[in-house]
Amino acid sequence: MKAYELLYFVSPSATDEVRAAVAKRIDDTITEQSGVVDSVEDWGKRKLAYEINKLTEGDYTLINFHADPAHIAELDRVLRINDTVVRHMIVRRPDKD
């Protein structure tokens, strides 16, 4: 398994229940495919560099995890179809393998 980092943000107006549901869906997607979530960091609200969908702020979350490279496409698909997640980025972390 390889080490990865996922950074995503949701609208700052999203409720705690919505944020928790997104985090649970991501965690389930990773663990269903025998991945391991190492850490989850809630970065809170941060100002965006430019306006996206009329938003100037986002509520960020960083997740470090280990997964099989073949399953990253499924996680990306889940994040793309989730309307709550405005933007996301998955990066491989060779320094954490």
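Everything numeric here is computed off the predicted structure, so don't read it as measured data.

Broken down by element type, the protein carries two helices and four strands. Across the protein, helices and strands are ordered from the amino to the carboxyl terminus as β-α-β-β-α-β. Relative to a compact globule of 97 residues, whose C-alpha radius of gyration would be 13 Å, the protein shows 13 Å and is just as compact. C-alpha atoms of the protein, sized along the principal axes, occupy 40 × 25 × 20 Å. Relative to its full complement of 97 residues, the protein shows a buried share of 38%. Residue pairs at least 24 apart in sequence account for 71% of intrachain contacts in the protein once pairs closer than 6 positions are excluded. On the protein, roughly 5,900 Å² of surface is accessible, and the fraction owed to carbon and sulfur atoms is 50%. Of the side chains in the protein, 14 bear a positive and 18 a negative charge, and the two mean positions are spaced by 4 Å.

Parameters and conventions
Residues numbered from 1 in each chain as written. Predicted model: local features only at pLDDT ≥ 70, side-chain atom pairs only at ≥ 80, totals over all residues. Heavy atoms only, no water. Helix = DSSP H or I, 4+ residues; strand = E, 2+ residues; numbered from the N terminus. Rg over C-alpha atoms; globule rule 2.2 N^0.38 Å. Buried < 20%, exposed > 50% of the residue type's maximum accessible area, 1.4 Å probe, protein only. Contact = heavy atoms within 4.5 Å. Areas by Shrake-Rupley, 256 points an atom, 1.4 Å probe, with all protein chains shown as cover. Lys, Arg positive; Asp, Glu negative; His and termini not counted. Charge placed at Lys NZ, Arg CZ, Asp CG, Glu CD.

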